[in-house]
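Next come the chains, spelled out residue by residue.
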Amino acid sequence: MKKIKIFLAVLLVGAIQFADAQYYPGPPGPPPGPAPRERHNDEAAEITPPTGYFEISVGATEPIGNFAGTGSTSYSGYALPGADLAISLGVPINHSNLGIALMYKGVSNQFDYNSYENNIQYSDPSKTYYIPYDQYGNNADQGISYDESFIMVGLFATYPIQRLSFDFRLMGGVAICSLPEVVYAAHATSLTAPDDFSWDISASSTSSFAFGAGADLRYKFRRVSLMLGVDFLTADPLISTNETYVDQSGSTSQSRLGGNLPISLMSYSIGIGYTVR
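What you see is a predicted model, and the numbers here were worked out from it, not measured in a lab.

Draft legend 1. Representation of helix α3 (residues 113-123). Buried within α3 we find Y113, Y116, E117 and I120. Along the axis of α3, the buried positions cluster into a sector of 95°, meaning they face one direction only. Buried-residue contacts for α3 involve β4 (127-130), β7 (182-188) and β8 (197-201).

This is how it looks when you write it as structure tokens:
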């Protein structure tokens, strides 16, 4: 009997220890991590993979330097603020922050006919200069502009911060430039003949090496982005055209015009981009 009591006592102690072990929570564990959404946002804030873009943009162009100059009577400068249309691409290499940039930008800047005529008038007070009418009854200065096409390739760099990316590019390429036809006329202050003098500088095309540098601010909405950009573009093409002069007697002569035509522009654009990974 005594042995049975001892056996039951041992069995009871063992059962108590077993039950206590089942309900013991154990040592305290590590604190709980952030909620899944918070953890995802923290990781995204720390590491945002760089992306590229394919963009179509429109913008305003501001001629600067000699291209906007109105201080001479030579056939260069006199460019007014204009507009541009661009297609560009920035592609990271191996998902890095560096890559290749490509861009086509078409620019149009009207020729400041009035300032050009005023300067010629000031330099030659012996005549009264004016802008003649064409065969359709329109002033010859209507729709006269410099038209430039920049085809560029270069380096691309991007710095992403969540949805926002700062993009930079440095490029070289070719500028294809269409130069305007400039026509003006004059009659002598003291009229000695019924006919007027006239000058006609022919339109022409030329090309040269071009250099560009720019930056974009890109905000991503899924795969589509809103982009704000600024670019500096410059080229130095050669002028090669003819000037036809007709005097009061109707005699015609031609001369060759040459020289450099420095072109420098600041372009401010807004566009829609598509994310390239």
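Draft legend 2. Structural view of the side chain of S204. In this structure, S204 sits in strand β9 (residues 204-221). In this structure S204 touches C177, S178, L179, S240 and T241, once residues within four positions along its chain are discounted.

Draft legend 3. How the structure looks around the packing of aromatic side chains. Counted by the stated rule, this structure contains 14 aromatic pairs. Centroid distance Y129 to Y184: 6.2 Å. Interplanar angle 45°. Geometry classified as tilted. Note that Y129 is positioned in strand β4 and Y184 in strand β7, a separation of 55 residues in sequence. The exposure class assigned to Y184 is buried, which follows from its relative accessible area of 9%. Counting every residue linked through ring pairs, the aromatic cluster contains F67, Y78, F111, Y113, Y116, Y129, Y146, Y184, F197, W199 and Y245. Directly above the aromatic system of F197 lies the positively charged group of K127, at a separation of 5.0 Å from the ring centroid.

Draft legend 4. Spatial organisation of the environment of Y245. Tracing the backbone shows Y245 in strand β11 (residues 238-246). Through-space distance from the C-alpha of Y245 to that of F197 is 7.5 Å; in sequence the pair is 48 residues apart. Those residues in contact with Y245 that lie beyond four places of it in its chain are F197, S198, W199, S251, T252 and S253.

Draft legend 5. Geometry of unusual backbone geometry. With a phi close to 60°, Y78 is a non-glycine residue in the positive phi region. Along the chain, Y78 falls in the loop between β1 (52-63) and β2 (82-92). In the Ramachandran plot, R222 falls in the positive-phi region, its phi being about 60° despite a non-glycine side chain. For R222, the position within the fold is in the loop between β9 and β10 (224-235).

Draft legend 6. Just the sheet that holds β8, in detail. Pairing is antiparallel in the open sheet, where five strands are placed in the order β4-β7-β8-β11-β12. The sheet terminates laterally at β4 and β12 (252-260), the two strands that pair on one side only. Strand-to-strand twist of the sheet, defined as the mean angle between neighbouring strand axes without regard to direction, takes the value 20°. Pairing geometry for β8 and β11, over four bridges, is antiparallel. When the sheet's bridge partners are listed, I201 is paired in β11 with E243. α3 rests against β4, β7 and β8 of the sheet, and its axis sits at about 175° to β4.

Draft legend 7. Spotlight on the sheet that holds strand β6 (residues 164-179). Taking strand neighbours around the barrel as the criterion, the eight strands line up as β1-β2-β3-β5-β6-β9-β10-β13 in a closed arrangement whose pairing is antiparallel. Averaged over all pairs of adjacent strands, the angle between strand axes in this sheet comes to 25°, irrespective of strand direction. The pairing of β1 with strand β13 (residues 263-276) spans twelve bridges and is antiparallel. The partner of G59 across the bridge, within β13, is S269.

Draft legend 8. Layout of the pattern of salt bridges. Enumeration according to the criterion identifies five salt bridges in this entry. Between K105 and D84 there is a salt bridge, with the nearest N and O atoms lying 3.4 Å from each other. Placement of K105 in strand β3 (residues 98-110) and of D84 in strand β2 is noted, with a sequence separation of 21 residues between them. Residues D216 and R169 are paired through a salt bridge, measuring 2.6 Å at the closest nitrogen-oxygen approach. Separated by 47 residues along the polypeptide, D216 in strand β9 and R169 in strand β6 bring together distant segments of the chain.

Draft legend 9. Examining the nonpolar core more closely. Counting residues in hydrophobic clusters, the biggest one holds 39 residues, and the most contacted among them are F111, Y116, F150 and V182. Of all the secondary-structure elements, those providing two or more residues to this core are β3, α3, β5 (145-161), β6, β7, β8, β10 and β13. With five residues, β7 is the single largest residue contributor to this core. Setting aside residues no more than four positions away along its own chain, F111 makes contact with G77, Y78, L80, Y116, I144, S145, Y146, P180 and V182.

Rules used throughout
- Residues numbered from 1 in each chain as written.
- Predicted model: local features only at pLDDT ≥ 70, side-chain atom pairs only at ≥ 80, totals over all residues.
- Heavy atoms only, no water.
- Buried < 20%, exposed > 50% of the residue type's maximum accessible area, 1.4 Å probe, protein only.
- Helix = DSSP H or I, 4+ residues; strand = E, 2+ residues; numbered from the N terminus.
- Arc of directions from axis to C-beta.
- Contact = heavy atoms within 4.5 Å.
- Phe/Tyr/Trp six-rings, centres within 6.5 Å; stacked < 30°, edge-to-face > 60°.
- Lys NZ or Arg CZ within 6 Å of the ring centre and 35° of its normal.
- Pairing = 2+ DSSP bridges.
- Axes fitted to C-alpha atoms, helices over the stretch in contact; angles between N-to-C directions.
- Salt bridge = Lys/Arg side-chain N within 4 Å of Asp/Glu carboxyl O.
- Core = buried A, V, L, I, M, F, W, Y, C linked by side-chain atoms within 4.5 Å.

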